[in-house]
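# Survey of secondary and tertiary structure
Spelled out from the first residue to the last, the chains are:
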Amino acid sequence: MNLPGHGILKGLAETARNFVGSYVSKDRLVTVQYPEERLPSKEAARNFPFLVYDGEDWEKGLRCVACQICEKECPPKCITIVKDTLRKPDYVGKLQFQPKLFDIDISVCMSCQICVEVCPFDAIKMDNEFELSGCDRFEQLLLHKRQLAKPNEYYQRIHPIEAAEVDGRLNVEKAKAQAKAGAGKK
Amino acid sequence: MSTREFQVIPRVDVDGTAVDGEQLEISMGPQHPSTHGVFRMDLKLDGERVARLKPVFGYLHRNHEKIGESTTYLGSMPYTDRLDYFCSLTNNWAYALAVEKLAGLQAPERAEYIRVITAELTRLQNHASLAGFLLQDMGASGTPLMYAFREREKILDLFESLTGARMMCNYMRFGGCRCDLPAGWILEARGVVERFPRFLDEFQALLDGNEILMSRTQGVGVLPAALAVNAGITGPMLRASGVNYDLRKVDRYGIYDRFSFKVPIGDHGDVYDRYMVRVLEMRESLKILDQALRDIPDGPILDPKAKLRGFRPKPGEAYGRIESPKGELGFYLISDGSPNPYRYRVRPPSFINLTLLEDLCLGHQVADVVVILGSVDIVLGEVDR
Amino acid sequence: MESLEQIKIWTETAVAGARLQLVTNPGPSGQHSLLVDNDHAAAVARFFLEDARLRLDYASNVTGIDWPEAVLQEKRKVKQTIEGVEREIEETIERRRPGFLEVVYHLYSMALKQGPVILRLRTGDRGAQARLPSLTPIWRGAEFQEREVFDLFGVVFEGHPDLRRILMWDGFKDFPMRKDYAPPQESGAGREPAQ
């Protein structure tokens with residue numbers, strides 16, 4: 001025989017179990033005292049894009065060759081690139097174009113990561129920085145080349161597995177180019 | 001601005017019917033905590049009973065279909081995430097399926113398994129959220145919602161480690177998936193799937209026998225089966241009325257014919273049945289997940305014929321549909337050989353499921369309207385596009 | 001599921017005066033459709049719903065498509081005698097196709113678990129003759145979708161129980177999804193700065 005209110009009492013027992021359980025079991029305690037405690041970010045987590053540069057000099061080491069493929073493929077068209085007339089050598093020594101202007105409007109960017117997928121030069125990658133708040137709604141949200149350029153060491157820190165794969169590929173290319181140059185000299 | 005001269009259509013107004021001075025006109029929404037988004041209902045009340053209900057929406061209209069005509073096929077994929085923003089991976093799959101039909105691509109086996117796994121995880125977290133929101137609307141002050149979201153977080157963590165984002169995943173590609181499963185993901189997914197039935201048991205112990213839930217939902221908003229079929233209702237709302245129509249069994253798209261699972265059917269078509277059908281569907285999804293996570297093979301994840309850039313399908317048209325957690329989600333694409341589609345149409349289940357809202361609510365009280373709307377399970381991103 | 005040719009024969013036999021045309025779909029999806037004339041569309045739809053072999057009780061998707069006036073080019077190989085030698089040359093024939101609006105219905109059967117049967121209706125032109133019979137009395141599921149086609153394309157559905165705008169606000173003029181829709185110029189903070 002089911003007493004009236006039996007269902008409600010059963011429900012209250014469940015709530016009590018969850019409440020007391022949140023003090024004893026890690027599984028039931030689902031909150032983290034942010035910002036003192038932070039959850040480690042996942043390898044694949046992405047927020048806004050950034051440009052990778054190799055070495056110490058951010059201008060000389062910037063991998064971007066201003067091919068403008070990311071600008072064309074970006075769905076909301078948040079990237080603006082202006083090609084420079086001067087050229088600079090890339091990591092294997094070949095002369096490439098470079099961007100005079102590379103702006104990303106992060107108030108438009110939807111973090112879809114298509115620019116990263118289509119870049120043939122591994123020049124643009126996804127950052128996972130999300131604590132970007134500030135007081136300006138316009139100028140602060142238009143990131144320029146200097147703000148976007150971050151070193152390869154940073155990329156290796158935030159996405160270690162991905163960066164290792166990219167570095168492996170680029171080193172193979174570099175070795176091939178050096179071998180060719182060495183054979184050419186002989 | 002161009003001018004067009006057309007015959008004026010007489011406007012069928014909420015005010016068109018005679019108001020006898022005793023009826024109260026209320027606009028419920030668009031800013032309302034229980035309308036699941038920016039959704040408005042123009043109610044005409046006779047005391048506490050609903051005499052007329054007209055749904056008004058379009059507040060979240062972002063002309064997704066027009067943008068689809070000026071974006072490439074790949075570029076529209078992140079926009080499909082934002083249609084039904086709870087279930088971005090099933091939206092992606094429906095769109096990828098339609099484009100694959102249009103272009104004649106075929107996803108390899110591992111990609112199909114990954115698609116099924118992500119789709120069923122999406123179904124789990126959508127139904128859990130729905131159960132939580134429905135109970136929240138009934139006044140349960142957040143406890144079931146909190147428990148549901150606690151489990152949902154685990155699933156969103158899985159999505160983040162696979163796709164990079166918790167909700168706006170942008171993961172499916174035409175001919176497969178964007179990237180392969182990271183190391184340890186299957187183990188983590190198996191852990192989540194193994195702990196989920198315990199949460200469902202607790203959730204059902206908390207709610208199923210609850211007298212308040214039963215008296216507020218049983219016999220409320222009854223939907224007869226014949227009306228549901230004629231009105232184009234799909235998804236759990238249709239199955240709760242007793243119609244056995246689940247696209248996973250009817251179309252057998254993807255590799256769903258390899259998995260053994262049942263389709264829960266309701267008897268009465270009231271709000272309680274719609275809620276129970278969703279809870280039972282969660283259990284069936286767990287069965288599918290068990291089988292898929294066990295059987296997933298190794299292999300490539302993208303069709304070798306698929307192209308990322310410069311994708312121009314041959315002229316033609318295709319309609320591809322899947323069983324999303326809300327109902328039948330379909331994409332109708334017309335290609336004219338150029339990189340952008342000529343016509344890009346989304347068949348939104350929430351939009352069409354709202355057709356019968358007035359029929360379900362007539363004669364009920366205002367508090368029941370909230371509960372019935374909750375059981376239809378709408379997401380305004382999909383209703384308005 | 002029977003072939004579309006068979007369905008066409010059945011329909012033309014059952015509905016007196018109906019003229020259906022098979023529209024082939026050139027792409028790999030293999031989804032061909034039937035174009036029906038506007039005068040008999042409602043009768044054909046009623047036949048589709050009630051015929052025991054078809055039982056198409058579920059109108060899944062109602063789409064509007066805008067086909068503006070276009071010049072279609074067709075290449076053809078023609079034999080011509082030039083300087084006494086018969087040659088085959090390719091000539092391009094241009095054909096002016098007047099503009100029209102099209103509404104496509106994807107129909108399925110929940111009772112017999114078959115489908116889709118794709119039905120197309122075309123208006124006379126994109127102006128005063130943009131009127132079609134409404135199929136909402138036969139399939140209630142078309143109600144909101146026909147309202148959306150009216151709202152975004154401007155097709156007037158005769159016989160619709162409640163034809164008014166659904167996504168755009170009530171005082172909105174013009175039809176956004178048409179190919180020649182020009183959005184109003186924005187003023188104020190949203191504009192691009194003049195270069």
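Right above here is the structure, for reference.
Residues numbered from 1 in each chain as written. Chains lettered and ligands numbered in written order. Predicted model: local features only at pLDDT ≥ 70, side-chain atom pairs only at ≥ 80, totals over all residues. Heavy atoms only, no water.

## So, empty space enclosed by the protein
Residue and element names in this part refer to chain A. Scanning all chains against the criterion turns up seven cavities of 30 Å³ or more. Considered as a void within the structure, the largest cavity measures approximately 100 Å³ in volume. In this structure, the largest cavity is lined by 15 residues; those nearest its centre are C64, C67, C70, C119 and A123. Counted by class, the lining of the largest cavity contains 14 nonpolar, one polar and no charged residues. (1 Å grid on protein atoms, 1.4 Å probe; cavity = no way out; pocket = protein on both sides within 12 Å on 5 of 7 lines; lining within 4 Å. Points joined across faces, edges and corners; volume = space filled by probe spheres on them. Nonpolar A, V, L, I, M, F, W, Y, C, P; charged D, E, K, R; others polar.)

## Section: the packing of aromatic side chains
Residue and element names in this part refer to chain B. Applying the stated criterion across every chain yields a total of 30 aromatic pairs over all chains. Judged by centre distance (6.1 Å) and plane angle (80°), the ring pair of F86 and F133 falls under edge-to-face. Placement of F86 in the loop between α2 (77-81) and α3 (88-103) and of F133 in helix α4 (residues 109-137) is noted, with a sequence separation of 47 residues between them. Assessed through its relative accessible area of 18%, F86 is described here as buried. Among the residues examined, F133 registers a relative accessible area of 24% and is labelled partly exposed. With a centroid separation of 5.3 Å and an interplanar angle of 50°, the aromatic rings of Y95 and F331 are classed as tilted. Of this pair, Y95 sits in helix α3 while F331 sits in strand β7 (residues 327-335), and the two are 236 residues apart along the sequence. (Phe/Tyr/Trp six-rings, centres within 6.5 Å; stacked < 30°, edge-to-face > 60°. Helix = DSSP H or I, 4+ residues; strand = E, 2+ residues; numbered from the N terminus. Buried < 20%, exposed > 50% of the residue type's maximum accessible area, 1.4 Å probe, protein only.)

## Things to note about the packing of helix α6 (residues 185-207) of chain B against helix α11 (residues 271-295) of chain B
Residues and elements named next belong to chain B. As a packed pair, α6 and α11 sit with axes 10 Å apart at the nearest point and diverge in direction by 160°. When the interaxial angle is binned, α6 and α11 end up roughly antiparallel. Our pair here, α6 against α11, has a crossing hand that is left-handed. Contacts between α6 and α11 involve I186, A189, R190, V193, F196, P197, L200, D201, F203, Q204 and L207 from the first element and Y275, M276, V279, M282, R283, L286, L289, D290, L293 and R294 from the second. In terms of residue class, the contact of α6 with α11 is made up of 15 nonpolar, one polar and five charged. (Axes fitted to C-alpha atoms, helices over the stretch in contact; angles between N-to-C directions. Parallel < 35°, antiparallel > 145°, perpendicular 65-115°, else oblique. Left-handed = near helix turned anticlockwise from the far one by under 90°. Contact = heavy atoms within 4.5 Å.)

## Some words on unusual backbone geometry
As a rule of thumb, non-glycine residues mostly have phi less than zero, and peptide bonds are mostly trans rather than cis. The linkage connecting Y34 of chain A with the following residue, P35 of chain A, adopts the cis geometry, with an omega of 5°. Within the secondary structure, P35 of chain A sits in the loop between α1 (6-24) and β1 (49-53). The backbone of N170 of chain B sits at a positive phi, close to 50°, despite the residue not being glycine. Summarising the element assignment, N170 of chain B is placed in the loop between α5 (143-163) and β4 (172-173). We classify N170 of chain B as buried; its relative accessible area is 0%. One non-glycine residue with positive phi stands out, namely D174 of chain C, at about 80°. Within the secondary structure layout, D174 of chain C lies in the segment after β9 (156-158). On the basis of relative accessible area, D174 of chain C is assigned to the buried category, the value being 8%.

## Notes on the side chain of S88 of chain B
In this structure, S88 of chain B sits in helix α3. Dropping the residues within four chain positions of it, S88 of chain B is found in contact with D81, M167, M168 and C169 of chain B.

## A few points about the pattern of salt bridges
Counted under the stated rule, the structure contains 59 salt bridges over all chains. Salt-bridge contacts for K60 of chain A lead to D57 of chain A; the nearest nitrogen and oxygen are separated by 3.5 Å. On the basis of relative accessible area, K60 of chain A is assigned to the exposed category, the value being 62%. The partner of E153 of chain B in a salt bridge is R166 of chain B, and the shortest N-O contact between them spans 3.0 Å. Placement of the pair is E153 of chain B in helix α5 and R166 of chain B in the loop between α5 and β4, with a sequence separation of 13 residues. Judged by its relative accessible area of 33%, R166 of chain B falls in the partly exposed class. (Salt bridge = Lys/Arg side-chain N within 4 Å of Asp/Glu carboxyl O.)

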